[in-house]
Amino acid sequence: MSDLKIKYPLMWQKDDFFIKIFCSIPNIATGILISAKDKYFIVDPGDGLLRDINKELKLEQILNISNIFISHGHHDHIGGLWSLLTYFNVMKKKEDVNIFYPKGSREIESIYKAFAQVYKREISYKIQLNPIDKSEIIDIGIISVLPFKVNHMEHEKKAGKPVPVPSLGFKFIYSGKSICYGGDTAYCETLVQNVVNSDLAIVEAGALDDENCEMHMTIKQAQSIGKTAKEHFLVHIPERKLNS
Ligand SMILES: [Zn+2]
């Protein structure tokens, strides 16, 4: 796949609607920052996210972040959540933080519980957990977000086969423009429907080969979906595939 040279960060901007994908490497980390007008939103706080936004934003801008969207609880999408929440506290953030995540995601709820337990006497801000079970528009001031279920799996030893993981994609809508992020997913109808006509689609192509497309998408599948948006990025491509 030598024609697929992806160099992070990936950036896209239409007027004052902006997205920066710091990275999206399977089993390592994903980290995404979206901004609309003067507001910032975190999507999938994987490992290194705090370091990356610290380079990108002023302290005041980081402390104004009030909304975190998480596609699912796998470590490469939430590895930086603890440090982000702790940094907010160390820097005495005042405004509440909303975490939007798929209902039933035990990793995210466990991190929250542990964090609340460790810092119970001294958390400077409130954390609001928002488990999502339905595809309903969430209005957050200037931006609207449509979550949608996608089809992601993980291997479970006990079950002896892949089992579904609570997983979401998100469509971010601002000023007549939309960015659709599919999270991690196998080919699924909800993603197909939400990507169509988006101004930007971010589609994973995490399958290791063309046979293995039960848990992730092949590059062909991801491209066929991505092409229905006005522009698209393929992400989450295994590094060994890019290097081959
Ligand atoms: Zn995953």
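Whatever comes next refers back to the structure up there.
Presented here is an overview of the structure given in this document. None of these values were measured; they are calculated from a predicted model. (Residues numbered from 1 in each chain as written. Predicted model: local features only at pLDDT ≥ 70, side-chain atom pairs only at ≥ 80, totals over all residues.)

1. A word on the pairing of strand β14 (residues 200-204)
Counted residue by residue, β14 has five buried out of five residues, so it is predominantly covered. Here β14 shows a buried face lined by L200, I202 and E204 and a second buried face lined by A201 and V203. Regarding topology, helix α6 (residues 189-195) serves as the crossover connection from strand β13 (residues 177-181) to the parallel β14, and that connection is right-handed. Bridge analysis of β14 against strand β15 (residues 231-235) gives five bridges, and the strand direction is parallel. Residue E204 lies in a different strand from β15, and its bridge partner there is V235. (Buried ≥ 20, exposed ≤ 12 C-beta atoms within 10 Å, placed from the backbone. Helix = DSSP H or I, 4+ residues; strand = E, 2+ residues; numbered from the N terminus. Right-handed = clockwise from strand over helix to strand, strands pointing away. Pairing = 2+ DSSP bridges.)

2. Observations concerning the sheet that holds strand β7 (residues 127-132)
Sheet strands associate in pairs through backbone hydrogen bonding, adopting either a parallel or an antiparallel arrangement. In space, the seven strands of this open sheet follow the order β1-β2-β3-β4-β5-β6-β7, with mixed pairing throughout. Each of the sheet's edge strands pairs with one partner strand only, and the pair in question is β1 (10-14) and β7. Taken over all neighbouring pairs, the strand axes of this sheet differ in orientation by 15° on average, direction set aside. Pairing analysis gives six bridges linking strand β6 (residues 97-102) to β7, with the strands arranged parallel. Counted as the bridge partner of V97 is I127 from β7. Across the sheet, helix α1 (residues 49-56) lies against β2 (17-25), β3 (29-36) and β4 (39-43), angled at about 35° from β3, the strand it touches most. (Axes fitted to C-alpha atoms, helices over the stretch in contact; angles between N-to-C directions. Contact = placed C-beta atoms within 7 Å.)

3. Considering the sheet that holds β14
The strand order β8-β9-β12-β13-β14-β15 describes an open sheet built from six strands, whose pairing is mixed. If you trace the sheet from one side to the other, it starts and ends with β8 (138-140) and β15, each paired once. Pairwise comparison of adjacent strand axes, ignoring direction, gives a mean angle of 15° for this sheet. Bridge count for β8 against strand β9 (residues 143-149) is three bridges, and the pairing is antiparallel.

4. Re the pairing of β2
Where a strand is regular, its side chains alternate between the two sheet faces. With five bridges joining them, β1 and β2 adopt antiparallel strand pairing. Looking across to β2, one finds that W12 is bridged to I19. Hairpin connection between β1 and β2: a loop of two residues separates the two successive antiparallel strands, and D15 in this loop has a positive phi of roughly 50°. Alignment of β2 against β3, held across eight bridges, turns out to be antiparallel. Along β3, the bridge assignment pairs C23 with G31. Taking the residues between adjacent antiparallel strands as the criterion, β2 and β3 are bridged by three residues, where N27 takes a positive phi near 70°.

5. Quick notes on helix α7 (residues 219-226)
Those residues of α7 lying buried are Q221, A222, I225 and G226. Seen along its axis, α7 keeps its buried residues to an arc of 130°; they face one direction. Elements that come into contact with the buried residues of α7 comprise α6, β14 and β15. (Arc of directions from axis to C-beta.)

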